[in-house]
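One-letter residues, chain by chain:
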Amino acid sequence: MRVEIVMPKLSDTMEEGTILKWLKAVGDTVAAGEPIAEVETDKADMEVEASQGGVLREIKVGEGESAAVGTVIALLEERASTVAAGPPVGSPEALAGARAASGGLAAGSAPGPKREEAPPRASPAARKIAEELGIDLRAVKGSGPGGRIVREDVEAAAASTAPATAEGPAAAIAAPARPEVSAPDIGPVPPAAEEPASGIVPAAATPAAARGEDRSRAGAAGAPAAAERVRPVAVSERQELSRMRQSIARRMSESFRDIPHFYVTAEIDMEEAVRLREALQQSELYATPISYTHLVLKATALALRHHPRLNASFGDGAIEVKGEINIGMAVALDEGLIVPVLRRVDELSLEEIAIQARRLVEQAKQGRFASEDLSGGTFTVSNMGMLDIEDFTAVINPPQAAILAVGSIKERPVVRNGAVVPAHTVRVTLSCDHRIIDGVVGGRFLEELKRLLENPIVLVVHDR
Amino acid sequence: MIGEAAAPGRTAAAGAAPLSVLRLGRRAYDAVLALQQEQQAAVLAGAPDRLLLVEHEPVITLGRGGDARHVLAARVPVLRVNRGGDVTYHGPGQLVGYPILDLARRGQDLHRYLRDLEAVLIGVAARFGVRGERRPGLTGVWVGEAKLAAIGVGVRRWVAMHGFALNVADLRREFGMIVPCGLAGTGVTSLEEASGRRPSMAEVEEVTADVFASTFGYGGAA
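What you see is a predicted model, and the numbers here were worked out from it, not measured in a lab.

**Examining the pattern of salt bridges**
Phase 1: Scanning the model with the defined rule gives 39 salt bridges over all chains in all.
Phase 2: Residue Glu 174 of chain B pairs with Arg 173 of chain B through a salt bridge whose shortest N-O separation is 3.8 Å.
Phase 3: A cluster of three or more residues bridged by salt bridges with shared partners is formed by Glu 267, Asp 388, Glu 390, Lys 410, Arg 412 and Arg 427 of chain A.

Here you go:
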């Protein structure tokens, strides 16, 4: 007969539990009352036992999975000879009946098998200490009149090095031969000042009896002797793609697969730009500070005006040269990147560029942008100047034909009038779609960009 | 030395036995784990409940559900153990309590037991002038957003082991090695940090034994 093992209700407020670990595999023989799984609810971890002996036939809820209380978590093929005396926690009966069985009053009428033996003769003090220390009196040899066990006998048993009985682990609490557990502060417990009420002792003995068998063997049966030592290695983890990541993955693959990229790099002397920026800051001519990015955007727009082939698209067997110069600015976010578009940049003053670019980037970072802020770009600038890098290459953002990758501005040795001197420079790399742009065209564009940034006053003067 | 008998002035429930409290001083985690398992076996065999109080040598432990990625830098041993909960740190300056309690005598309710442990720790904190609180869904005791005490329990046939860890001294540096209980971004606090005074370990043990005994209906701690 098949027996269902269900998710036990381990609390009045428990609705579901998580299987942490199966202690038995399908096909294993399970004894009645043997732990078969560990279940977690809240921050408590409980062993679930088989209600009957048998063979584990099916596991229905895997490790790490949760199931509602009462759900069948496993099936057992019963073997009639191994039926448990009492319902363990995992059985359906336990769901209904456990609470009644645990009540103190039910105790006297249902003594467990062990308690049915005639109790050994012992003094009240000896009984008390034995109970405190978890010593089984049946294993203690009495030295009193007629073999009666006295307090000294129990203390001697507690102190003896070898566990005397099957319930030895309890006796070992105070064993001096186990240095790690035998410091003076865990010696025998002195008798309490007042006698416990008479009802206490049987009540305390009851749950073990109600559970139907000698539970002490559980300590030896399943529990690991020591904690398992683990190395905190980095575990691989599967992360689902966000929609943004999916979009980046698709577009970048498409771009790198379909567009024959080539790259041109130039080093631009930024000494004048550094001075200009400082002068603008001091003059307070503009309402907003001008960054190097703003200077690059303005210069790029002006250079694109003279090199329209870079402000174009390839498609349907034709080149579409764009009427507007709309520059996308790649903005890094935690989970990807986004490219808000600054429109008609060649018609904006440096100050307008600064104001609009700052607003767009801010909104992009906060996730507040309209879809038109992200569309219609004709060229892209990707700036990694905030990082300490030399230069890098960028992947073209289709259907655009080129992208400019801007490195960090830093002091590098440059040759001026035959002498090596330190100067602030930046390295920019242009990625081009070779289907419509040839190397020389890309190079000329960079040459013009370099000329503009090395004579940045033009960027200030050029208002329209 | 065992704790004193029932504290005078605390009226124990009439006839209630005192709770056995074993004060272990400073011990390595492994040794006390073995002791806990022995004690659990004893209680399973019908012996009375008991409370182990200990201060551990530095160690990081992972509960069954624990994620090794929550260990950020392991300068101390890392162990996986049979309790609920994620990762936690134990070390000097923290009072660890292991109640070996037969929950079959207490209505077989795991959640209620966890809430009772929280009540004990809130009571202990109050004695040191610290207002500890529960946070729904986050077992443990908190002062604002910071965790004062962690709880994780392992139960076999309704006898509980493992228990709670109360931060007495400021352990923020030590907890920097882990993401406590897998809750990234939440901090830890201590009686020292929250009260501005560092109580002695003996003082905290005394109070903990006392509050524990009265919360769980014992006639004091012995």
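That was the structure; now back to the text.
**Describing the side chain of Ser 190 of chain B**
Residues and elements named next belong to chain B.
Phase 1: Mapping Ser 190 onto the fold places it in the loop between helix H3 (172-175) and helix H4 (191-195).
Phase 2: The exposure class of Ser 190 is buried, given its relative accessible area of 0%.
Phase 3: There is a polar contact of 3.0 Å between the side chain of Ser 190 and the backbone nitrogen of Glu 193.
Phase 4: Each residue touching Ser 190, except ones within four places of it in the same chain, is listed here: Leu 148, Asn 167, Val 168, Ala 169 and Asp 170.

**Side note on the pairing of strand S19 (residues 410-416) of chain A**
The side chains of a regular strand alternate between the sheet's two faces.
Phase 1: For S19 of chain A and strand S20 (residues 419-433) of chain A, the ladder comprises seven bridges, and the chain directions are antiparallel. Bridging from a neighbouring strand, Pro 413 of chain A pairs with Pro 422 of chain A of S20 of chain A.

**With respect to the packing of aromatic side chains**
Residue and element names in this part refer to chain B.
Phase 1: One pass over the structure, following the stated rule, counts four aromatic pairs over all chains.
Phase 2: An aromatic cluster of three or more residues is present, and its members are Tyr 113, Phe 212 and Phe 216.
Phase 3: The aromatic ring of Trp 142 is capped on one face by Arg 135, whose charged end is 4.5 Å from the ring centroid.

**Considerations on the confidence of the model for chain B**
Residue and element names in this part refer to chain B.
Phase 1: When pLDDT is averaged across chain B, the result is 85; 83% of the residues are at 70 or more.
Phase 2: Counting interchain partners and residues more than four positions distant, the pLDDT-below-50 stretch residues 1-14 has 27 contacts.
Phase 3: Overall fold confidence for the complex sits at a pTM of 0.47, while the interface term, ipTM, reaches 0.80.

Reading the values: the criteria
- Residues numbered from 1 in each chain as written.
- Chains lettered and ligands numbered in written order.
- Predicted model: local features only at pLDDT ≥ 70, side-chain atom pairs only at ≥ 80, totals over all residues.
- Heavy atoms only, no water.
- Salt bridge = Lys/Arg side-chain N within 4 Å of Asp/Glu carboxyl O.
- Helix = DSSP H or I, 4+ residues; strand = E, 2+ residues; numbered from the N terminus.
- Buried < 20%, exposed > 50% of the residue type's maximum accessible area, 1.4 Å probe, protein only.
- Polar contact = N/O pair within 3.5 Å; in protein donor to acceptor, adjacent residues only side chain to side chain.
- Contact = heavy atoms within 4.5 Å.
- Pairing = 2+ DSSP bridges.
- Phe/Tyr/Trp six-rings, centres within 6.5 Å; stacked < 30°, edge-to-face > 60°.
- Lys NZ or Arg CZ within 6 Å of the ring centre and 35° of its normal.
- pLDDT = per-residue confidence, 0-100.

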